[in-house]
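Structural overview
So you can see what is in the structure, the chains are spelled out below.
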Amino acid sequence: MLAIETKQLSKSFWRNTVVDNIDLQVETGEILGFLGRNGAGKSTFINMLTGIIQPSSGSYNLLGVKGPNDTIKKELGVMPDYSSLYGSMSAIKHLHYLADVSGKPVTRQRCIDVLKLVGLEAHANKKTAKFSFGMKKKLAIAQAVIHDPQLIFLDEPTSGLDAESVIHIHQLIRQLHQQGKTIFMTSHNLDEVEKVCSRIAIMKDGNIRKMGSMEELRAYYQSTITVTIKHAPIRSADLDTMQKWLQQAGNQLDMKDSQFTLQVESEKKIAEIIRALGTYKIDIYRVDVEEPSLEEIFLEE
Amino acid sequence: MLAICKREFIQSFKGIKSIIVIAIFLITAYYSADFSNLFLSLSNDFTSEEKEVIHTIGISILSMFFGMLFVMGLSHDTVNREIHERTIRFLVTRTSRASIIFGKFLGIALFWFVCLLTSFVIISIFVRDFDFIIFFQSTSLAVYYSAFTVLMSVLLPKPSLTMFLSIVIGLAFPIFNGWVTLTSNGWVSWLKYVLPFYYTEDQNFEFLVILLLAGVMIYIALLVFRRREC
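Residues numbered from 1 in each chain as written. Chains lettered and ligands numbered in written order. Predicted model: local features only at pLDDT ≥ 70, side-chain atom pairs only at ≥ 80, totals over all residues. Heavy atoms only, no water.

Moving on: the domain arrangement of chain A. Interfaces are often sized by the accessible area lost when the parts come together. Assigned domains within chain A: domain 1 (2-212) and domain 2 (223-300). The C-alpha centroid of domain 2 of chain A is placed 43 Å from the C-alpha centroid of domain 1 of chain A. (Domains from an automatic or database assignment.)

And the structure:
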């Protein structure tokens, strides 16, 4: 079953189109990472799906139910991009209250367990007005998962958090994924999306420019695979022939004494190069393959 | 809805403003009953109708002339504070917008119901009688004010603006409502039908119209809130 399905979903503010006819399908149990620069329309897209704002046109289904639909909200966990907390409530009361609002009351133990997951168990009874930015962010994540929803929207869940907290949150996301939850997250952190998400969508100017798994995106941008091979010295008689062969095999050859770097189109070419070096009886000491990072793909987009 | 209603109800009791308002109601109820007993024992000039309502006159005056001020003063920012601070996003992503509006409204109305009930119970201890019609008239006024407060809080996005208006409207409302109820000026006298005082002139069940008007205001608040982007 599809957890999220949008058809021609658009949002305009006056004449400014922020989200432009997006068709998207997210399978149940997937972690979809939404990447884009500031103002790309990521948060607007999440806000439409979660009922914070209404679409200008198009339609969407969540967990197979046509939206907007209040009955499905019980199964949604949402961490909005920006929201302050109820300052007069303690962390634990916060979770209790919001679980009650969802119509899925929870026990005190469940609240403590979720606070433990985000590293806030020591602050369970502290009023949220006294929380730091990072603590507020963690509690915002905790409230999104407290009622054990099936579909979780996380809008930049780790921005502004310290490294240890980021690891905590990544572990939590993986744990939720293992439980079969569908997670839709946006991020500016390319490394995070690459590590955590099973599929990535790159959004620009209100459109999804490219979507797929990391491998699919790499395959699309495959011309940028860089291979560096450290080898035994090549005999001067073979040097010219070897150099010509390598120039035909790939691009941007950078050849030094006992090492060369070459950009190739596919991984198959790497095997061909290694075989060729073997033909010339050149010993290979080391092969480094540098695939395009998400950052490079993102910047190219 | 119940969770929102419960929180709103409990929140209404918190803070110095609430304590002062509750104290005013309870003290008024106590002295209204106490002095009316004294007056009745000193004079026989009261008509039988006056004798019936004299114990509750203090609370009735308080509800009519200061009710709007008190209700708006305590709850003017019930919705717009949440929109302003974006805590509303936690609610709209979890439950229906109707549940939020009804929950808020019921929480506020329930607070005033409890305040008035306590006041009338205090009076009934002195009088050994509970005047249900006047109690329901006062309660329906509180319900009307609560609905108006929720509507204002949905219509106006800034809590500072509703705070200012709560004082202005709170003071002007009873004067204006009193005037349109009594005036023969045809241009404005029709307004008495959409304002509550007209329906509390006699001790009958006309107060039910006030509840109907409150329902209309809540419905308008809901229509506006459904279109509001949080």
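So, on to the UniProt feature "transmembrane region" (unreviewed entry) in chain B. Residues and elements named next belong to chain B. According to UniProt, the "transmembrane region" (unreviewed entry) feature falls on residues 12-33, 53-74, 105-127, 133-156, 163-187 and 207-225. Secondary structure content for residues 163-187 is 88% helix and 0% strand, while the C-alpha to C-alpha distance between its ends is 30 Å. Taken end to end, residues 207-225 has its terminal C-alpha atoms 27 Å apart, with 100% of it in helix and 0% in strand. (UniProt positions renumbered as here; feature names shortened; annotations may be inferred. Helix = DSSP H or I, 4+ residues; strand = E, 2+ residues; numbered from the N terminus.)

Turning next to the pattern of salt bridges. Going through the model one piece at a time under the given rule, you end up with 14 salt bridges over all chains. A salt bridge links Arg209 of chain A to Asp205 of chain A, with the shortest nitrogen-to-oxygen separation between them at 3.8 Å. Since its relative accessible area comes to 56%, Asp205 of chain A is described here as exposed. Of the charged contacts, one joins Arg286 of chain A and Asp288 of chain A as a salt bridge, the two residues approaching to 3.1 Å between their closest N and O atoms. What makes Asp288 of chain A partly exposed here is its relative accessible area of 33%. It is possible to trace a salt-bridge network through shared partners that takes in Glu8, Glu82 and Lys104 of chain B. (Salt bridge = Lys/Arg side-chain N within 4 Å of Asp/Glu carboxyl O. Buried < 20%, exposed > 50% of the residue type's maximum accessible area, 1.4 Å probe, protein only.)

Attention shifts here to the nonpolar core. In this structure, Phe45, Phe153 and Phe184 of chain A together with Trp112 and Phe225 of chain B are the most contacted members of the largest nonpolar core, which totals 141 residues. In terms of residues, this core owes the most to one element, helix H8 (residues 132-155) of chain B, which gives 14 residues. Formed by 14 residues, the second largest nonpolar core is a distinct cluster that contains Ile229, Leu246, Leu262 and Leu277 of chain A. (Core = buried A, V, L, I, M, F, W, Y, C linked by side-chain atoms within 4.5 Å.)

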